[in-house]
Number of protein chains: 4
Amino acid sequence: MNHIGRIFQVNIFGESHGGGVGVVLDGVKPGIMLSEIDFSNDLGRRKSGGLGTTPRIEEDEVIIDSGVFNGYTTGAPICLRFLNKNTRSKDYSNLVKHPRPSHSDWVAKEKYDAFNDYRGGGHFSGRLTLGVVSAGVVAKKILGNVKFETKLINLGGETDPKKFHDLLKKVTEEKDSVGGIVSIKINNVPVGLGEPYFDSLESTISHLLFSIGGVKGVEFGRGFDGVAMKGSEFNDCIVNANGKTITNNNGGINGGISNGNEIFLRVFVKPTPSIGVEQETYDFEKGEVSTLVVEGRHDAAIILRAMVVLESCCAIALADAKLINEALKNN
Amino acid sequence: MNHIGRIFQVNIFGESHGGGVGVVLDGVKPGIMLSEIDFSNDLGRRKSGGLGTTPRIEEDEVIIDSGVFNGYTTGAPICLRFLNKNTRSKDYSNLVKHPRPSHSDWVAKEKYDAFNDYRGGGHFSGRLTLGVVSAGVVAKKILGNVKFETKLINLGGETDPKKFHDLLKKVTEEKDSVGGIVSIKINNVPVGLGEPYFDSLESTISHLLFSIGGVKGVEFGRGFDGVAMKGSEFNDCIVNANGKTITNNNGGINGGISNGNEIFLRVFVKPTPSIGVEQETYDFEKGEVSTLVVEGRHDAAIILRAMVVLESCCAIALADAKLINEALKNN
Amino acid sequence: MNHIGRIFQVNIFGESHGGGVGVVLDGVKPGIMLSEIDFSNDLGRRKSGGLGTTPRIEEDEVIIDSGVFNGYTTGAPICLRFLNKNTRSKDYSNLVKHPRPSHSDWVAKEKYDAFNDYRGGGHFSGRLTLGVVSAGVVAKKILGNVKFETKLINLGGETDPKKFHDLLKKVTEEKDSVGGIVSIKINNVPVGLGEPYFDSLESTISHLLFSIGGVKGVEFGRGFDGVAMKGSEFNDCIVNANGKTITNNNGGINGGISNGNEIFLRVFVKPTPSIGVEQETYDFEKGEVSTLVVEGRHDAAIILRAMVVLESCCAIALADAKLINEALKNN
Amino acid sequence: MNHIGRIFQVNIFGESHGGGVGVVLDGVKPGIMLSEIDFSNDLGRRKSGGLGTTPRIEEDEVIIDSGVFNGYTTGAPICLRFLNKNTRSKDYSNLVKHPRPSHSDWVAKEKYDAFNDYRGGGHFSGRLTLGVVSAGVVAKKILGNVKFETKLINLGGETDPKKFHDLLKKVTEEKDSVGGIVSIKINNVPVGLGEPYFDSLESTISHLLFSIGGVKGVEFGRGFDGVAMKGSEFNDCIVNANGKTITNNNGGINGGISNGNEIFLRVFVKPTPSIGVEQETYDFEKGEVSTLVVEGRHDAAIILRAMVVLESCCAIALADAKLINEALKNN
């Protein structure tokens, strides 16, 4: 369902070609300074227009519809909206008969039947992540001093950032797409966030991350590559009274709970399925496999725009964990 | 918190050295045949005693405390319990002062203060997974014809199963531990399970998986290794009217929704932190780093026993998704 | 928090003097015919303008922002909004220093501190019920053939409807207000809706009703007046194979579950606290009790407009109960 | 469903004739002193044996199965259980064919079909309230200094307590039953508990109260009798800087939020439907109305035992409201 969170609650809505997209946030304390300008940095990081992203530029300005008064949160729900512009619809009905492979087109049609809003991906559109990023902005305010550092560490198999530009150019020319791996480092997280069974920090963070289209892998700390290590190598021994460890194979989380070290995770985003390359896939009208070419402008590397979305997911999970911890800590 | 699920709800409780551990299940339809014998296969797969697991054998028999009458579920909550035996306590207080590295010992003490039940890991004990496996047994009944195939595909860096025995023997002798990677294949899942934002199947499955101690990575379909593939290679083209694809890089899930193909995922479980090898870690009483040797019998490869737990997590998530889908499908 | 429901979920937002008010609905099946015109009847019943209500007429037109395509629900969340017009603010700051007795003014200031949006009641404004009524409209569509009959059976102590007009005229002239008692009859509810502990139908219906400002009593069936009856008199004996009873002292609900007879309840709404009559109440600025006269146009009998809101609450609770029942029934 | 609460969570299970009944509590802070003796007072108030209650005495001793260590809560879930004894079953199957009027017998059979555990009311048994009372005991510890005063103010129409004894004697002899009205006064509740839309204090308190079998009416403050008052009479004017009011027609709650005055409510409990008097009701086996006499020992006035249960419901709702408030207050 389109709702997540126990105290800091996020409720998302909208479609690519409806009136707009947005999010309702609940469980936000009163007294947090908040205005439109606070959103511009993170929304800017999500923007298209650069190499590897669609040239279709969306001017996304947040509308703060409720929950803020005189520049501060009031404690009431915050509704944040974005208008849909530039959606003079081309005809999308072809994608119903001849769905894009690996996209939500077909499963959405099966699940919602003839009633699915298929225009531009409908409710499955990447445009919905405007709400996630906006929620993340408020989450970061709740978190205060927590710092995020989000990097693209692998683009289409390439790990040398100096070569990303050439790769993007090539893939764009081929009308193909690439995925990548993003690393997220989170610092200044206090010890003790996260709940055992079933709300470990890894659980709540991954829950949000995997709800973002294209995310197909999440690993914390050393991750899958740690499989060859023995316990004696993998263990992060504590070296001082603050719980500081030298190694950080556990990514700052033990038993589902933050241990005060850097939280570290990596996220794999698959290559976006919407490509201009010819593909052979089933045509449900013709009743046979036939060639599909998806027209229009695509994101060759949606991961460039997704980075801030993934970071926002982490912030949302941590903000809720922080509020739960405040309710339950021994004092 | 210790509760998960929207319709099929799982509520876990217990500690290693209290009265016992267990689970309360809600949202179970009436009329499902259920008795103690149904649990024996999956509980047996979780048992210790074999090479690579602790020789401390636990005879875990499920007690069906409520929700079953004349051999069938009644529709009321099902309480399943396991008694703690064999827990004549050794003195665990040393682990409070000198916590095991990478274990929950220290974060639990910080979070719950002097009140944490530290005996045998307390509420963080692997013993709690008896409840998860039991919930999984009921979930599988809800799912009916869905089939699970769970395999250990990497043990401590070794991918050849013929060599697992020797590796386990060696690691056990060294009093060290190894982790591994488990693959889970799920077949006969109908098209349409999972909900967009925020309850994609990947989200709900990973949420449960990451709540299990030691899980540090989850990937679906091709996973992280797919990073070098282009969109034109990664896309799973549909070849017939049932949505069948030849490749399955997406692991049977598009847009968070099952597409009717095999659901495929891999889970990384880190080497268990409780080892007999000497480690240098902080002693909070002495106020300095000093040598810790964890006495007692350990699981050299807890992953051998965790496999059925991970499979159960998948079953729980799918059962809830199935019930939600039944409430909401167009009919 | 501003969210309710397990499958049919309602999330409310907005303030009297912000951008607008609205509601996000989740858990709505695809394929339900829905357009703006469907809301006009119930919204009309909530309108002001008649005797006993404020002469400040609000033209409230629903904006369907998402979740509907080609005239049918899509299965995605439905955002329904209402713009705030006519809110050129007078100065409300006096109500912060000198709060209206029995209103939310003072508790909101205590709870949210200086950050409370006090203009026109802010998030506590009756204007928020536009969202409740809109949610009710969709709930009724989910319920299909269920029929509601909502009546004012007591207005300010008067039970003869022929005398309501004169009473309203008198109270309006006095700048005072009256409350009343509303009866709600619900027919065609199938047997079996409602869940034992803790989601009895009485629980979920009353939860929603008591969230509406001014509701101070809810009783089902015979209600408080049944206190003098013995069990042998109160029991509703079944007279046919469909569970039909002659008497209906239980109001159509046994053990928290609908029994197929008419669901019958009564709701007490207190006289609206905002009145033009002089009152002696504490002035927090002056630090003493002093005379307060609330200027402006008031609803002498807000209950006239609240009736459809209360009916909507019942519909919302029943719609969720129906969907849960569909997920869990034995079939 | 059998789960309630956002932070302080209560999950109930069990049946009258299964292994036992109990409750799992989550969201309990570490460091609260708790042992079996803490339960004896409130459990004692629920006991049978006195005039007007069944002579079948149940020795109900709580088993603390988890979440407590060295006499203090640990922060982990608390499982509290009660064994079922003395349940050598008589044959209850007659009640399936010839259900008791106004009882859950028939709706449970319709809802859960042949699988319903009908013995002694099954999951609908009043025995389940042992869990509610136990949860209330812990809730009161969370609430600290909050004081409850619960009184029977009307028994079967009689309001003079001096006459209750004679009434009970008479009704018991007649094998009939009586209901009553309970008043609950709650003091020392801080200002600011409760959340607007949809978790007003009235909402969360009534939700719990109406989940208790037999509760058919709830009113706050002046309640239904206030219908004849005008706004100028009903309003509780504030008289000092602490928000103190002289009158308390609103029962200590404005806008769903506690205002620091005494919380005052009344609850109507219908006469228990299980009586020894002959009744004419439908026999589903015979296919016609016929005479039913329910054999066995009954509670002539279950309300005597229900009083502490109702009080516990209030405590549970307030404890959760307190924890939510701690997470969200401006500080």
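Details of the structure are given in the entry above.
Residues numbered from 1 in each chain as written. Chains lettered and ligands numbered in written order. Predicted model: local features only at pLDDT ≥ 70, side-chain atom pairs only at ≥ 80, totals over all residues. Heavy atoms only, no water.

Undergrad: Could you give an account of the pattern of salt bridges, with specific residues and numbers?
TA: In a structure, side chains of opposite charge can pair up when their charged atoms sit close to one another. Summed over the entire model, instances satisfying the criterion amount to 87 salt bridges over all chains. In this structure, aspartate 60 of chain C and arginine 46 of chain C form a salt bridge, with 3.9 Å as the shortest nitrogen-oxygen distance. With a gap of 14 residues between them, aspartate 60 of chain C in the loop between helix H1 (37-45) and strand S4 (63-64) and arginine 46 of chain C in the loop between H1 and S4 connect regions that are remote in the sequence. The burial state of aspartate 60 of chain C is the same as that of arginine 46 of chain C; both residues are buried. Within the structure, one salt-bridge network assembled from shared partners comprises Asp42, Arg45, Lys140 and Glu311 of chain A. (Salt bridge = Lys/Arg side-chain N within 4 Å of Asp/Glu carboxyl O. Helix = DSSP H or I, 4+ residues; strand = E, 2+ residues; numbered from the N terminus. Buried < 20%, exposed > 50% of the residue type's maximum accessible area, 1.4 Å probe, protein only.)

Undergrad: Any chance you could break down the relation of the copies chain A and chain B for me, citing the residues and the numbers?
TA: With an axial shift of 0.0 Å and an RMSD of 0.0 Å, the rotation relating chain A to chain B amounts to 180°. Taken together, the rotation and translation describe the operation of a two-fold axis. Residue by residue, 100% of the interface of chain A is reproduced at the interface of chain B, so both copies engage with the same surface. (Least-squares fit on C-alpha atoms with pLDDT ≥ 70 in both. Contact = heavy atoms within 4.5 Å.)

Undergrad: Any chance you could break down the environment of cysteine 313 of chain B for me, citing the residues and the numbers?
TA: Residues and elements named next belong to chain B. Here cysteine 313 is to be found in helix H8 (residues 303-328). Accessibility expressed as a relative area gives 0% for cysteine 313, which makes it buried. Considering only alpha carbons, one finds cysteine 313 and aspartate 117, 196 residues apart in sequence, at a separation of 25 Å. Those residues in contact with cysteine 313, other than ones at most four positions away along the chain, are Val132, Leu208, Leu209 and Ile212.

Undergrad: Summarise the interface of chain C and chain D; cite the residues concerned and give the values.
TA: Taken together, the contact between chain C and chain D spans 103 residues of the former and 103 residues of the latter. Contact between chain C and chain D buries roughly 8,300 Å² in total, counting both sides, with carbon and sulfur atoms accounting for 62%. For the chain C face of the interface with chain D, the top three residues by lost area are Met1, Tyr197 and Phe198 of chain C, together amounting to 12%. Along the contact surface separating chain C from chain D lie six salt bridges. Across the pair lysine 111 of chain D and glutamate 195 of chain C runs a salt bridge whose closest N-O atoms are separated by 3.1 Å. For the pair chain C and chain D, the interface holds 61 residue pairs in polar contact (both at pLDDT 80 or more). Taken together, the residues of the side of chain C that touches chain D break down into 46 nonpolar, 40 polar and 17 charged. (Buried area = accessible area lost by both parts, 1.4 Å probe. Polar contact = N/O pair within 3.5 Å; in protein donor to acceptor, adjacent residues only side chain to side chain. Nonpolar A, V, L, I, M, F, W, Y, C, P; charged D, E, K, R; others polar.)

Undergrad: Residue-level account of the nonpolar core, with values.
TA: With 316 residues, the main nonpolar core has Phe8 of chain A, Phe8 of chain B, Phe8 of chain C together with Phe8 and Leu265 of chain D as its most contacted residues. When sequence neighbours within four positions are dropped, the list of residues in contact with phenylalanine 8 of chain B reads Leu25, Asp26, Gly27, Val28, Ala135, Val138, Ala139, Ile142, Ile316, Ala319, Asp320 and Leu323 of chain B. (Core = buried A, V, L, I, M, F, W, Y, C linked by side-chain atoms within 4.5 Å.)

Undergrad: A description of the relation of the copies chain C and chain D should follow, citing residues and the corresponding values.
TA: Of the two same-sequence chains, chain C is brought onto chain D (RMSD 0.0 Å, axial shift 0.0 Å) by a rotation of 180°. Mapped onto chain D, 100% of the interface residues of chain C again fall at the interface, so both copies present the same surface.

Undergrad: Describe the sheet that holds strand S2 (residues 9-14) of chain C, listing the residues and the values that go with them.
TA: Within a beta sheet, neighbouring strands are joined by backbone hydrogen bonds and run either parallel or antiparallel to one another. All names here are of chain C. An order of S1-S2-S3-S7-S4 is seen for the five strands of this open sheet, with the pairing classed as antiparallel. At either end of the open sheet lies a strand with only one pairing partner, and these are strand S1 (3-4) and S4. Bridge count for S4 against strand S7 (residues 78-83) is two bridges, and the pairing is antiparallel. Paired with isoleucine 63 across the strands is arginine 81, a residue of S7. (Pairing = 2+ DSSP bridges.)

Undergrad: Give a description of unusual backbone geometry that names residues and reports values.
TA: Residue tyrosine 197 of chain B is joined to phenylalanine 198 of chain B through a cis peptide bond whose omega torsion reads 10°. Of note, phenylalanine 198 of chain B is situated in the loop between strand S9 (180-187) and helix H6 (201-209). With a phi angle near 65°, aspartate 113 of chain A is a residue other than glycine that sits in the positive phi range. Within the secondary structure layout, aspartate 113 of chain A lies in the loop between helix H3 (105-112) and helix H4 (129-143). Relative accessible area serves as the criterion here: at 39%, aspartate 113 of chain A is assigned to the partly exposed category. Not every positive phi belongs to a glycine, and tyrosine 197 of chain A is a case in point at roughly 30°. Along the chain, the position of tyrosine 197 of chain A falls in the loop between strand S9 (180-187) and helix H6 (201-209).

Undergrad: Give a description of the interface of chain A and chain B that names residues and reports values.
TA: Residue-level contacts link 103 residues of chain A with 104 residues of chain B. Buried surface at the junction of chain A and chain B, both sides included, amounts to about 8,400 Å², of which 62% is carbon and sulfur. Three residues stand out in chain A for area buried against chain B, namely Met1, Tyr197 and Phe198 of chain A, and they jointly supply 12% of the buried area on that side. At the surface where chain A touches chain B, the tally comes to six salt bridges. A salt bridge links glutamate 174 of chain A to lysine 230 of chain B, with the shortest nitrogen-to-oxygen separation between them at 3.3 Å. Our count for the chain A to chain B interface comes out at 61 residue pairs in polar contact (both at pLDDT 80 or more).

So yeah, pure geometry; function would need other evidence.
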